[in-house]
Amino acid sequence: MPFDTLDPNVRSDWLTIGSASLLDGCTADRPMATRLLGNHLQAWRDAAALPVVIADGQSLPVLERYGYLWVHTGDGPQRTLFELPEYDESGRRIVDCGGIGVATSGLRVVENFLDMGHFPYIHTGTLGKVPQTEVAPYRVHVDAATQEIWALDCHFFQPRASACAADGIDAQYRYRVMQPFTAALYKSSPDHAGALDVIGLFVQPLDDEHVIAHVLLVYFEDRLGDADMIAFQQMIFGQDKPILENQRPRRLPLHGPLEAHMRCDLTSATYRRWLRQRGMAFGVHPD
Amino acid sequence: MIRLYDYELSGNCYKLRLLLHWLGLQYQRIAVNFHPGREHRSPAFLRDINPLGQLPVLADGDFLLRDAQACLVYLASQYDRAGHWYPDDAATRGRITTWLATADDLTRSIAAARQHYSFGMAADIARCEALARASLRLLDDALAENQASGRPWLAGTHEPSIADIACFPYAALAGEARIDLRPYPALQAWIRAMRHRDGFIAMPGILDPAL
């Protein structure tokens, strides 16, 4: 059995190994090589153009959805892959921003993605600006049917909320955590009043302390080219990367002394509690 | 209008943004989808922009110039009338050119290892680390000597030159190549001094000193 983790989440979730486009030109003789949960994987398309993923000589269950490849460890129950109906909604553009390697636990990457409090300090001039540092109250709940975390009614003043923004706006946000390593952000679309753009964060855990963070844009956007949209997202993620890589321990502490969370940390507190309740172990600090 | 074929996360593109900014020049940024799109290796880019498939490329009117170090020399020669960044002095220019070659070694070592860790591109990590350490040692020794003599910048000048701009980005990004800068104290002091220059602009991975 290639995967020896006892974590019930990573055994039953669908985990990404990146964009389906990574298989372009790959064959059984020249496969795409990557890592997942400490294992080496090879992937390619077979004669019927279906994706094949092999770990340790064994074929793994694989889905191709939302332009990405999703792999199951083949050992344990298969959860249903999360819904992302916006992906198929007409009028939206799909822009893959690719994956960026980060030397930390994937849980830290997701937790950072959920945090609005760092915007003015790390994304100065785009997603926030000192002294407008206040995180207004918002609501967080775990959806009873899907067991996903939703943070609603979030808003934050942003001097340049997207690549095409000319003026500051009070950006409306919704956060969603579909799986421990998979989250999405819904955010006011600058040119389409009332509509929400979606940023998907699909984290590929290479091992407990190294990930590839993949970002997918599902946007109403008709002014900018792909390269400008990607440049903006990669700038934001590139600013987070050194912060994430300097956090110690690299694995997320879940079981230490109770931390006093402030109101602005409500999503993070909910995420950590949700991970504890699910028996999360992969990428978790063994304290 | 000057145009810069640019990639946000590239240290070699950033060094041109930094000099253009310090020279007070207006320019148009043309974002190239380096990752994941590999647009710099597309037939159109190779044919029309740069046959070597590298960034940055500078366009000034009809004049198209590749190679980050060459672009620094061009911009300073053409637009820095005071000769501050590329002083008109034979010995200084000789020393600057030496460090422009070191900047290429940093690209071959630190930038290559960083691309491996960030974008999954193939690299011989042991070779990258050996060349990175040799280059950083060279820089640290020279900077220690210059700092002691009161001409603290790389080419032995009182003010920074394009030698400093050329070597700065990938020295400062060494952490993203998983190279520890603690053995190079003079180099670390020089990175701090660069970041605290008036009008400094940051890039992802190189923090603004105000943060």
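Residues numbered from 1 in each chain as written. Chains lettered and ligands numbered in written order. Predicted model: local features only at pLDDT ≥ 70, side-chain atom pairs only at ≥ 80, totals over all residues. Heavy atoms only, no water.

### Concerning the environment of A:V130
Within the secondary structure layout, A:V130 lies in the loop between α3 (119-122) and β9 (139-142). Aside from chain neighbours lying at most four places away, what touches A:V130 is A:P120 and A:Y121. (Helix = DSSP H or I, 4+ residues; strand = E, 2+ residues; numbered from the N terminus. Contact = heavy atoms within 4.5 Å.)

### Topic: unusual backbone geometry
With an omega dihedral of -5 degrees, the bond running from A:R248 to A:P249 counts as a cis peptide bond. Along the chain, the position of A:P249 falls in the loop between α4 (226-246) and β15 (252-253). With an omega of 0 degrees, the peptide bond running from B:L55 to B:P56 counts as cis. With respect to the helices and strands, B:P56 occurs in the loop between α2 (43-48) and β3 (57-60). One non-glycine residue, A:Q147, adopts positive backbone phi at about 65 degrees. Mapped onto the elements of the fold, A:Q147 is located in the loop between β9 and β10 (149-158). Here the phi dihedral of B:R38 falls at roughly 50 degrees; this positive angle occurs in a residue that is not glycine. Tracing the backbone through its elements, the reader meets B:R38 in the loop between β2 (27-31) and α2. Under the relative-accessibility criterion, B:R38 is labelled partly exposed at 42%. (Buried < 20%, exposed > 50% of the residue type's maximum accessible area, 1.4 Å probe, protein only.)

### Notes on the interface of chain A and chain B
Taken residue by residue, the interface counts 20 residues in chain A and 17 residues in chain B. Note on chain A versus chain B: buried area summed over both sides is about 1400 Å², and carbon and sulfur give 60% of it. Among the residues of chain A in contact with chain B, A:A227, A:Q234 and A:K241 are the three that bury the most area, contributing 27% of the side total. Our count for the contact surface shared by chain A and chain B stands at zero salt bridges. (Buried area = accessible area lost by both parts, 1.4 Å probe. Salt bridge = Lys/Arg side-chain N within 4 Å of Asp/Glu carboxyl O.)

### A look at the packing of helix α2 (residues 106-113) of chain A against helix α5 (residues 266-277) of chain A
Residue and element names in this part refer to chain A. Contact geometry of α2 with α5 gives a least axis separation of 9 Å together with a crossing angle of 150 degrees. With respect to α5, the element α2 is oriented roughly antiparallel. For the crossing formed where α2 meets α5, the hand is right-handed. Contacts from L107, V110 and E111 in α2 reach S268, Y271, R272 and L275 in α5. For the contact of α2 with α5, a count of residues per class yields four nonpolar, one polar and two charged. (Axes fitted to C-alpha atoms, helices over the stretch in contact; angles between N-to-C directions. Parallel < 35°, antiparallel > 145°, perpendicular 65-115°, else oblique. Left-handed = near helix turned anticlockwise from the far one by under 90°. Nonpolar A, V, L, I, M, F, W, Y, C, P; charged D, E, K, R; others polar.)

### Focus on the packing of aromatic side chains
Across all of its chains, the model carries 22 aromatic pairs over all chains by this definition. Ring plane angle 55 degrees and centroid distance 5.6 Å describe the contact between A:Y173 and A:Y175, whose orientation is recorded as tilted. A relative accessible area of 3% means that A:Y173 is categorised as buried. In this structure A:Y175 comes out as buried when scored by relative accessible area, which is 2%. Where B:Y14 meets B:F168, the ring centres are 6.5 Å apart and the plane angle is 45 degrees; that geometry is what we call tilted. On the criterion of sequence distance, the pair formed by B:Y14 in helix α1 (residues 11-22) and B:F168 in helix α6 (residues 162-172) is long-range, its members being 154 residues apart. Comparing B:Y14 with B:F168 shows no difference in burial state: the two are buried. In this structure, A:R278 is placed above the aromatic ring of A:W274, and the distance from its NZ or CZ to the ring centre is 4.1 Å. One residue, B:R178, lies across the ring of B:Y117, its end atom 3.9 Å from the ring centre. (Phe/Tyr/Trp six-rings, centres within 6.5 Å; stacked < 30°, edge-to-face > 60°. Lys NZ or Arg CZ within 6 Å of the ring centre and 35° of its normal.)

### As for the pairing of strand β14 (residues 210-219) of chain A
All names here are of chain A. With eight of its 10 residues buried, β14 lies for the most part within the structure. As defined by bridge partners, strand β8 (residues 93-102) adjoins β14 across eight bridges and the pair is classed as antiparallel. The residue bridging R93 from the neighbouring strand is Y219, located in β14. Direction of pairing for strand β13 (residues 196-207) relative to β14: antiparallel, over a ladder of nine bridges. Looking across to β14, one finds that D207 is bridged to H210. (Pairing = 2+ DSSP bridges.)

### Focus: the side chain of A:E148
Residues and elements named next belong to chain A. Here E148 lies in the loop between β9 and β10. You can call E148 buried: its relative accessible area is 6%. Residues in contact with E148, not counting those within four places in the same chain, are F82, H141, V142, D143, R176, V177 and M178.

### Description of α6(B)
Residues and elements named next belong to chain B. With respect to burial, α6 is a largely interior element, 11 of its 11 residues being buried. For α6, the set of buried residues is I162, A163, D164, I165, A166, C167, F168, P169, Y170, A171 and A172. Close packing links the buried residues of α6 with α1, α3 (68-79), α4 (90-119), α5 (125-149) and α7 (185-195).

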